[in-house]
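Chain and residue survey
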Amino acid sequence: MNQDACEQALLDSLEDLHLSRRERRDLKHLLREDELTRQDRAWMRDRAFELADGRLNGDGEADGVLPTTEVLEWLREVMKLLTSKELNRPAPPAPRPSTTQTRFSPGNGPLEMIRDQLRRARQAIDICVFTITDDRISGEILRAHRRGVAVRIVSDDDKSLDKGSDIDRLSRRGVPVAVDDSPAHLHHKFALFDRRRLLMGSYNWTRSAATQNSENVVLLDEAVLLTSFQAEFDRLWERFS
């Protein structure tokens, strides 16, 4: 808060012992330029009382002592402004620190991010990927399924027939799986964990994605994207299951 500017605004309004509409608007603007802290409010209140006391006692004023009623009315208007709802709205909540993370391959960064999220999940895992051939990932999916997490997988029908695909093996172990039945490919690569975290990116859930390809994954918890991707998963699951 600019104390010098606020004090000058108080002095200007005290000249005619009236906080006019314009003066009230200007003072309110000054007070709202920054967050008005408890200390700022206390300073304004104390300074207004000091100025009012000075005018009541004629301190430094050629005009002498001013009428008590008018000074008190001016002080009442200032106090009314300081306690107005416009200046006392709760401060907006601090923005939540971003939890977005990224990993890139070649390298095990994306793989370890996927495995970590599979381990952390406690209630639900929805996976929508082109293919799964990396046993390190399918092993974590099975462990999540065995500890009671509700796992669902949607994948591409053609890729599920590839040598090394783990889709059929996961299905045989009791993991609910749906494959698309269209002539086109289901090329998504995303997963939702406990409906609170979304993992997405170009990364195929294969060993070559970790050892050879230039790929990426992004982990985030942005509500709008979570809702959108969950709706897309549910739509595909209903269509293909």
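In this numbering scheme, every chain counts its residues from 1 along its sequence in written order. This being a predicted model, a pLDDT of at least 70 is required before a residue's local features are given, and a value of 80 or more before pairs of side-chain atoms are given or counted; all residues contribute to the totals for chains, interfaces and linings. Note that water and hydrogens are dropped before the side-chain values are worked out from all heavy atoms of the structure.

1. Focus: a positive patch on the surface
Definition in use: Every patch collects residues that have over 30% relative accessible area and no salt bridge, joining them within 9 Å if they carry like charges and within 5 Å if they are nonpolar side chains (Val, Leu, Ile, Met, Phe, Trp, Tyr). Residue exposure ignores everything except the shown protein chains as possible cover, and the areas themselves are Shrake-Rupley values with a 1.4 Å probe. Any carboxyl oxygen of Asp or Glu that lies within 4 Å of a side-chain nitrogen of Lys or Arg is treated as forming a salt bridge with it. We score Asp and Glu as negative and Lys and Arg as positive, and we do not count His or the chain ends. For this purpose, a charge sits on NZ of Lys, CZ of Arg, CG of Asp or CD of Glu. Three labels apply to residues, based on accessible area from a 1.4 Å probe with only protein chains included: buried if under 20% of the type maximum, exposed if over 50%, partly exposed otherwise in between.
Judged by side-chain charge, Arg120, Arg122, Arg147 and Arg196 come together as a positively charged surface patch. Given the relative accessible area of 43%, arginine 120 is considered partly exposed.

2. Section: the packing of helix α1 (residues 3-15) against helix α3 (residues 38-57)
Short version of the rule: Helix axes are fitted to C-alpha atoms over the stretch in contact, other axes to C-alpha atoms as well, and angles between N-to-C directions run from 0 to 180 degrees. Helix numbers and strand numbers start at the N terminus; a helix is a DSSP run of H or I with at least 4 residues, a strand a run of E with at least 2. With the far helix as reference, a near helix turned anticlockwise by less than a right angle produces a left-handed crossing, and one turned clockwise produces a right-handed crossing. For this analysis, residues touch if any pair of their heavy atoms sits within 4.5 Å. Think of it as three bins: nonpolar holds Ala, Val, Leu, Ile, Met, Phe, Trp, Tyr, Cys and Pro, charged holds Asp, Glu, Lys and Arg, and polar takes everything else, Gly as well.
Running from N to C, α1 and α3 point in directions that differ by 35°, and their axes come no closer than 11 Å. Where α1 crosses over α3, the handedness of that crossing is right-handed. Only Trp43, Met44, Arg47, Ala48, Leu51 and Arg55 of α3 make contact with α1, whose side of the interface consists of Gln3, Cys6, Glu7, Leu10, Leu11, Leu14 and Glu15. Of the residues belonging to the contact of α1 with α3, the class tally is eight nonpolar, one polar and four charged.

3. As for α1
Our working rule: Multiplying one less than the number of residues by 1.5 Å gives the expected span of a helix. Arc definition: it is the arc formed by the directions from the helix axis to the C-beta atoms.
In a regular helix each residue adds 1.5 Å, so 13 residues correspond to 18 Å; α1 covers 19 Å between its end C-alpha atoms and thus fits that length. For α1, the full list of buried residues reads Cys6, Glu7, Ala9, Leu10, Ser13 and Leu14. For α1, the buried positions fall inside an angular range of 155° around the axis, keeping them on one side. Opposite the packed face of α1, turned more than 90 degrees from it, sit the exposed residues Asp4 and Glu15. Backbone geometry just after α1 places leucine 17 at a positive phi near 55°.

4. Examining the environment of histidine 188
Filter applied, for reference: The definition of a polar contact used here is a pair of N or O atoms within 3.5 Å, where within protein one atom must be able to donate a hydrogen and the other to accept one, and adjacent residues in sequence count solely through side-chain atom pairs.
Relative to the helices and strands, histidine 188 resides in the loop between β4 (177-179) and β5 (189-193). Setting aside chain neighbours within four positions, we find histidine 188 in contact with Cys128, Val129, Phe130, Glu232 and Leu236. A polar side-chain atom of histidine 188 sits 3.4 Å from a polar atom in the side chain of glutamate 232.

5. Section: the layout of surface pockets
What counts here: Here a cavity is any set of points on a 1 Å grid over the protein atoms alone where a 1.4 Å probe fits but cannot get out, and a pocket is any open set with protein on both sides within 12 Å along at least 5 of 7 lines; a residue lines the site when it has an atom within 4 Å of a point. Grid points are joined across faces, edges and corners, and a volume is the space filled by probe spheres set on the points.
In this structure, the second largest pocket encloses a volume near 160 Å³. Together, 11 residues line the second largest pocket, and Thr99, Arg120, Arg196, Arg197 and Asp221 are the ones closest to its centre. Residues that form the lining of the second largest pocket fall into these classes: three nonpolar, three polar and five charged.

6. Considering the packing of aromatic side chains
What counts is decided by this rule: Two rings belonging to Phe, Tyr or Trp (six-membered ring only in the last case) form a pair when the distance between their centres is within 6.5 Å. Interplanar angles under 30 degrees mark stacking, angles over 60 mark edge-to-face geometry, and anything in between is tilted. Only lysine NZ and arginine CZ atoms are considered, and such an atom sits over a ring when it is within 6 Å of the ring centre and within 35 degrees of the ring normal.
Across all of its chains, the model carries two aromatic pairs by this definition. Considering the side-chain rings of phenylalanine 233 and tryptophan 237, the 6.2 Å spacing of their centres and the 10° angle between planes classify their relative orientation as stacked. Separated by four residues within a single helix, phenylalanine 233 and tryptophan 237 lie in helix α9 (residues 223-240), roughly one turn from each other. On the accessibility criterion, phenylalanine 233 (0% relative accessible area) is buried. The exposure class assigned to tryptophan 237 is buried, which follows from its relative accessible area of 17%. For arginine 152, the ring lying beneath its charged end belongs to tryptophan 237, and the centroid distance is 5.3 Å.

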